[in-house]
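Each chain, letter by letter, is given below.
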Amino acid sequence: MESNYDARDSLSAVETDRERLGDRMTAETHWAAPAQGLAAAVLIGAPAAGIPGVFVVLAVGIMLFVGIEWAFRRRSGLSISRPAGPRGMALLVLLTVLLSGLGMVSFALWVFDMAAWILPVAVVGGLLMALGVRAYDHTYSDEVRRAR
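Residues numbered from 1 in each chain as written. Predicted model: local features only at pLDDT ≥ 70, side-chain atom pairs only at ≥ 80, totals over all residues. Heavy atoms only, no water.

**What to know about the packing of helix H2 (residues 29-45) against helix H4 (residues 86-111)**
Across the interface, H2 lies against H4 with an axial gap of 8 Å and an inter-helix angle of 35 degrees. Contacts between H2 and H4 involve Ala40, Leu43, Ile44 and Gly45 from the former and Leu99, Leu102, Gly103 and Ser106 from the latter. Taken together, the residues of the contact of H2 with H4 sort by class into five nonpolar, three polar and no charged. (Axes fitted to C-alpha atoms, helices over the stretch in contact; angles between N-to-C directions. Helix = DSSP H or I, 4+ residues; strand = E, 2+ residues; numbered from the N terminus. Contact = heavy atoms within 4.5 Å. Nonpolar A, V, L, I, M, F, W, Y, C, P; charged D, E, K, R; others polar.)

Below, the structure written as structure tokens:
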């Protein structure tokens, strides 16, 4: 009888850990999602800086992403290396395609001397990225809590 009790306690502890992990994943979303949206907007808008400024702006955008990740890990205590499930993976792929695609659109606008359109593309990309990161954090939290 004692082994059944131990198993229930262990399962309860795992469930409690999943809940805490889910809570910690979304606890930093209020600042991390907008910050990552800003970093994405900087990367997408980089071609507007022209040559050689584009390289400086790209470096700043990359440093923003690295700094945000560092701050997230420090504040949350989490180091996320991969999505928790299939919905998270789909969102991560979508966000990667979005950032890459809008970066290419921005570069094409610069090449075709339509630099005035880069700022609106960067703003839309930043907003979409912020919303996507928020959705990813909540999806990750949900998938951790419901893992079986």
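Having seen the model, we can carry on.
**What about the packing of H4 against helix H5 (residues 118-145)?**
Packing of H4 against H5 brings their axes to within 9 Å, and their N-to-C directions diverge by 170 degrees. The orientation of H4 relative to H5 falls into the category roughly antiparallel. In terms of residue class, the contact of H4 with H5 is built from 17 nonpolar, five polar and three charged. (Parallel < 35°, antiparallel > 145°, perpendicular 65-115°, else oblique.)

**A look at the nonpolar core**
Note that soluble globular proteins tend to have their nonpolar side chains buried in a common cluster. Listed in full, the 12 residues of the largest apolar core are Met25, Ala33, Ala40, Phe72, Leu78, Leu91, Leu95, Met129, Val133, Tyr136, Tyr140 and Val144. Looking at which element gives the most residues to this core, the answer is H5, with five residues. With sequence-adjacent residues up to four places away left out, alanine 40 is seen in contact with Phe65, Leu99 and Met129. Among the nonpolar cores identified, the runner-up in size contains six residues, and Leu102, Leu109, Ile118 and Ala122 belong to it. (Core = buried A, V, L, I, M, F, W, Y, C linked by side-chain atoms within 4.5 Å. Buried < 20%, exposed > 50% of the residue type's maximum accessible area, 1.4 Å probe, protein only.)

**Some points on the packing of aromatic side chains**
Following the criterion strictly, the structure yields two aromatic pairs and no others. Residues phenylalanine 107 and tryptophan 110 carry aromatic rings whose centres are separated by 5.7 Å and whose planes lie at 35 degrees to one another, so their mutual orientation is tilted. Taken together, the positions of phenylalanine 107 and tryptophan 110, both in helix H4 and three residues apart, correspond to about one turn of that helix. Between tyrosine 136 and tyrosine 140, the aromatic rings sit 6.1 Å apart at their centres with planes inclined by 45 degrees, giving tilted as the arrangement. With tyrosine 136 and tyrosine 140 both in helix H5 and four residues apart, the pair spans about one turn of that helix. Just as tyrosine 136 is buried, tyrosine 140 falls in that class too. (Phe/Tyr/Trp six-rings, centres within 6.5 Å; stacked < 30°, edge-to-face > 60°.)

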